[in-house]
Amino acid sequence: MSFPVDRPRRLRRTPALRGLVAETRLHPAELVQPLFVREGIKEPRPITCMPGQVQHTRDSLRKAAAAAAQAGVGGLLIFGIPEVKDRDGRGAWDPDGITQQALADVAEEVGDATVVIGDVNLDEFTEHGHVGVLGPDGDVDNDATLLAYADVAVAQADAGAHVVAPSGMMDGQVAAIRAALDGCGHERVPILAYAAKYDSAFYGPFRDAVESRLKGARSTHQQDPANRREALREVLLDVEEGADMVMVKPAGLYLDVVREVADTVHVPVFAYQVSGEYAAIEAAAAQGWLLRERAIRESLTAIRRAGADSVITYWATEVAEQLPR
Ligand code: PBG
């Protein structure tokens, strides 16, 4: 019988030893909490497919933002849901639109304690649920949509967003938004680009959360899950256009992409653990099929280990409250 010489188990014997050699650690400051706010409701409304998440009233949104900031969460990503949707998605850039009101509320509430981020898109505001202006063929018209995104980004910055995050996957969206922001005195507002955003089934619960009426698909603009190189092309383009930070989305199913992007660019890399990733763990845990806290921690640690500097996750506040600061 021969006994092993190299014994990796030596470093796993006690929690202190494991802590000493841990390569990845979670910290509240690298977590971003998405929050939903619904125009015209009196009480927060639970989101069925996302147990534990709600559509906030303007008032309850302020409280959730304050609680997240109190827990040390690094950022808040705000999604407004309008009472009325229309063909063009006008509410998205209306200075009195729900997202702008919410951004102003939250910016006032948290001050500089955390970073307030606006999602630049039209999909919550259009009656067809698409991310932009539709052309005669029914597909999203890229360049017409850029003009709208420029207005949305400026409206959000005017309202008090510290960062804007274009999520529509239109070609040239970062350059268009950078130019518009600079032209309106918002040179200091950074852009977090949803750079490599895949056409994923895991956005399903989110579309419920924002009452999306989308019937078509997003496959003419979001990326094919089959492709890795294409993500690098998207990310490098966004950096060239002026993105200050880039994002890979979803996170857990695209850890190879997160790693490759992190090894390639010199800007901060975010990964978005999306609604379907959240719902899958919550649903299994509710059945008793997964240990909830452990599964959540493991999922977040894996995303950080893959190379993400920051993680956007619906569990941000909850996890931040449990972490040492
Ligand atoms: C676009 C947007 C979406 C998500 C974030 N921003 C929806 C989409 O692209 O269809 C999805 C987030 C999630 O699933 O958690 N406004």
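What this report covers is the structure whose coordinates are included nearby.

Rules and cut-offs
- Along every chain, residues carry numbers that run from 1 in the direction the sequence is written.
- Reporting in this predicted model follows two pLDDT cut-offs: at least 70 for local features of residues, and 80 or more for side-chain atom pairs to be given and counted; totals over whole chains, interfaces and linings ignore these cut-offs and use all residues.
- Derived side-chain values reflect all non-hydrogen atoms in the structure, with water molecules and hydrogen atoms excluded from consideration.
- By definition, any uninterrupted DSSP run of H or I lasting at least four residues is a helix, any uninterrupted run of E lasting at least two residues is a strand, and each is numbered from the N terminus.
- Relative accessibility under 20% of the residue-type maximum defines a buried residue, over 50% an exposed one, and the middle range a partly exposed one, all with a 1.4 Å probe and only protein chains included.
- Only heavy atoms matter for contacts: two residues are in contact if any of them lie within 4.5 Å across the pair.
- Each accessible area is a Shrake-Rupley estimate made with a 1.4 Å probe; only the visible protein chains count as cover when residues are assessed.
- Note that His is not counted, nor are the chain ends; the positive residues are Lys and Arg, and the negative ones are Asp and Glu.
- In plain terms, the charge of a residue is placed at NZ if it is Lys, CZ if Arg, CG if Asp and CD if Glu.

1. Considering the overall build of the chain
No. 1: Counting its regular elements, the chain contains 11 helices and 10 strands.
No. 2: By the burial criterion, 53% of the 325 residues in the chain qualify as buried.
No. 3: Here the analysis covers contacts within the chain between residues at least 6 apart in sequence; of these, 75% occur between residues at least 24 apart.
No. 4: Carbon and sulfur atoms make up 52% of the accessible area of the chain, which amounts to about 15100 Å² in all.
No. 5: Side chains of the chain carry 34 positive and 48 negative charges; the gap between the two charge centres is 10 Å.

2. What to know about unusual backbone geometry
No. 1: With omega at -10 degrees, the peptide bond leading from K249 into P250 counts as cis.
No. 2: With respect to the element layout, P250 can be found in the loop between strand 8 (245-249) and helix 8 (255-264).
No. 3: The backbone of M169 sits at a positive phi, close to 60 degrees, despite the residue not being glycine.
No. 4: As for its placement among the helices and strands, M169 is situated in the loop between strand 6 (163-166) and helix 5 (173-183).
No. 5: Assessed through its relative accessible area of 5%, M169 is described here as buried.
No. 6: Backbone geometry places E211, a non-glycine residue, at a positive phi of 55 degrees.

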